[in-house]
Amino acid sequence: MKLGIVGLPNVGKSTLFNALTKAGAESANYPFCTIDPNVGIVPVPDERIRLLGEMYHSKKVTPAVIEFVDIAGLVKGASKGEGLGNQFLANIREVDAIVHVVRCFEDGNVIHVDGSVDPMRDIETINLELIFADLEVLERRISKVARTAKMDKEAGKEMAFLKRLKEHLESGGPASLLEDLTEDEEKWMQTYNLLTDKPVIYAANVSEDDLADDGANNPGVQKVREYAAQTGSEVFVICASIEAEIAELDDDERAMFLEDLGVTEAGLNKLISASYRTLGLMSFLTAGEDETRAWTIKIGTKAPQAAGKIHSDFERGFIKAEVVNYKVLLELGSLSAAREKGLVGIEGKDYVVKDGDVILFRFNV
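Below or above, wherever it landed, is the structure these notes cover.

So, how was this worked out
- Residues numbered from 1 in each chain as written.
- Predicted model: local features only at pLDDT ≥ 70, side-chain atom pairs only at ≥ 80, totals over all residues.
- Heavy atoms only, no water.
- Pairing = 2+ DSSP bridges.
- Helix = DSSP H or I, 4+ residues; strand = E, 2+ residues; numbered from the N terminus.
- Axes fitted to C-alpha atoms, helices over the stretch in contact; angles between N-to-C directions.
- Contact = heavy atoms within 4.5 Å.
- Buried < 20%, exposed > 50% of the residue type's maximum accessible area, 1.4 Å probe, protein only.
- Right-handed = clockwise from strand over helix to strand, strands pointing away.
- Arc of directions from axis to C-beta.
- Polar contact = N/O pair within 3.5 Å; in protein donor to acceptor, adjacent residues only side chain to side chain.
- Salt bridge = Lys/Arg side-chain N within 4 Å of Asp/Glu carboxyl O.
- Parallel < 35°, antiparallel > 145°, perpendicular 65-115°, else oblique.
- Nonpolar A, V, L, I, M, F, W, Y, C, P; charged D, E, K, R; others polar.

The next subject is the sheet that holds strand E4 (residues 65-70). Reading across the sheet, the six strands line up as E2-E4-E1-E5-E6-E7 and stay open at both edges, with mixed pairing between neighbours. Strand pairing shows two members of the sheet lacking a second neighbour, strand E2 (38-43) and strand E7 (234-238), which therefore form its edges. Averaged over all pairs of adjacent strands, the angle between strand axes in this sheet comes to 25°, irrespective of strand direction. The pairing of strand E1 (residues 2-6) with E4 spans four bridges and is classified as parallel. Paired with Lys2 across the bridge in E4 is Glu67. Packing against the sheet, helix H10 (residues 267-279) makes contact with E1, E2, E4, strand E5 (97-103), strand E6 (200-205) and E7, and its axis sits at approximately 175° to E7.

Written as structure tokens, this is what we have:
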């Protein structure tokens, strides 16, 4: 899973990236301090594999990971090359989902690029730049399809769809909200790789005072939540400066620090949960003496395709899957004990993998 962190300059974007990845991206109080996209690989916190690893005395415990890309602050005109816009818009095309950091805090010491704090104006600025960039992509595609549209029936259908999509974007709507797509139109949309077709998760960056009540009394946060509800997006509240402090602590100190703040969950956990929901993801587990590991798959994945995440041979030669819930395995202490109690399922090719399944794949190639 690859997430791109975007936002206007000085909204807390690089501070958040640093906190999430501990990757040390430069963070300063001026635009464009992030000139090249910074990339950080972050392990997904998962208590299940820690406990299973201890039970099996695994030599190695491997969590699922998320790749974060910190993309430099966009400004008005980025789609036309203002600031350092074009190269950053290209970086966004590579990600699975966009994390849009929105400033919802006042601080006279941190300059806002537009002179004042207005979360909805900031969201609109970014959205318009993404739409303008998508319109350029569509213009190129329209020019190409137009050459054959009069003679080729399929090209004619695509041309009609392109015009409908262009009108939708020109009216200010993101590609993701274009309704009533046919199967062909959905396939075409995927090939365009439009920025506004990517799912968005809004990170409402608040002051420490607004963190404990999850931004309930922050008018800016409420506006972001209302907008996200209209567009079917996730929102989570974060204080990037606090996350930066948390990032320096060990697990026990972190838990105490969060408790003192009246916060139950760190920002990274909130973001990961939102990301998994947004992208329809979950994890199954494999466990043993050599390695205990979490594997990220799409919800609804069947056993052979899940096996293919481990190795293509597992999918090609799939015979069956021995499946037990991780809670059952931890409670009984071993796979053989779970088998004796009849709690290990022998599943075939049509089995739909569930979150928290511990699976032993049988295959032959």
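Don't stop here, the text continues.
A separate point is the pairing of E6. The buried count for E6 comes to six of six residues, which makes it a mostly enclosed element. Residues Val200, Tyr202 and Ala204 point to one face of E6 and Ile201, Ala203 and Asn205 to the other, with burial holding for every one of them. Inspection of the sheet shows E5 paired to E6 by six bridges, in the parallel sense. Paired with Val99 across the strands is Ile201, a residue of E6. Looking at chain direction, E6 and E7 are connected through five bridges and run parallel. Looking across to E7, one finds that Asn205 is bridged to Ile238. In terms of handedness, the path from E6 via helix H7 (residues 219-231) over to E7 forms a crossover that is right-handed.

Turning our attention to helix H9 (residues 251-261). Where H9 is concerned, the buried positions are Arg254, Leu258 and Leu261. For H9, the buried positions fall inside an angular range of 60° around the axis, keeping them on one side. Among the exposed residues of H9, those oriented more than 90 degrees off its buried face are Asp252, Met256, Glu259 and Asp260. Each element contacted by the buried residues of H9 is listed here: helix H8 (240-246). If you check the start of H9, you find a side-chain oxygen 3.2 Å away from the backbone N of Asp252, and it comes from Asp250. Where H9 ends, the next residue or the one after it, Gly262, has phi of about 80°, a positive value.

As for its placement among the helices and strands, Pro9 is situated in the loop between E1 and helix H1 (13-21). The spatial distance from the C-alpha of Pro9 to the C-alpha of Arg103 is 9.9 Å, given a sequence separation of 94 residues.

So, on to the pattern of salt bridges. Summed over all chains, the structure comprises 23 salt bridges. The partner of Arg48 in a salt bridge is Asp46, with the nearest N and O atoms 3.0 Å apart. Asp46 shares its class with Arg48; the two are buried. What you see here is one network of salt bridges that share partners, running through Asp46, Arg48 and Asp355.

Axis separation between helix H4 (residues 119-146) and H7 bottoms out at 9 Å; the angle between their running directions is 40°. Here H7 runs oblique to H4, going by the angle between their axes. Contacts between H4 and H7 involve Pro119, Met120, Ile123 and Asn127 from the former and Gly220, Lys223, Val224 and Tyr227 from the latter. Residues that form the contact of H4 with H7 fall into these classes: five nonpolar, two polar and one charged.

Right, let's get into unusual backbone geometry. A positive phi angle, near 55°, is found at His57, a position not held by glycine. By the secondary structure assignment, His57 is in the loop between helix H2 (47-56) and strand E3 (60-62). One non-glycine residue, Asn193, lies in the positive phi region at around 50°. For Asn193, the location among the structural elements is in the loop between helix H6 (183-192) and E6. Of the residues examined, Asn193 reaches a relative accessible area of 32% and is grouped as partly exposed.

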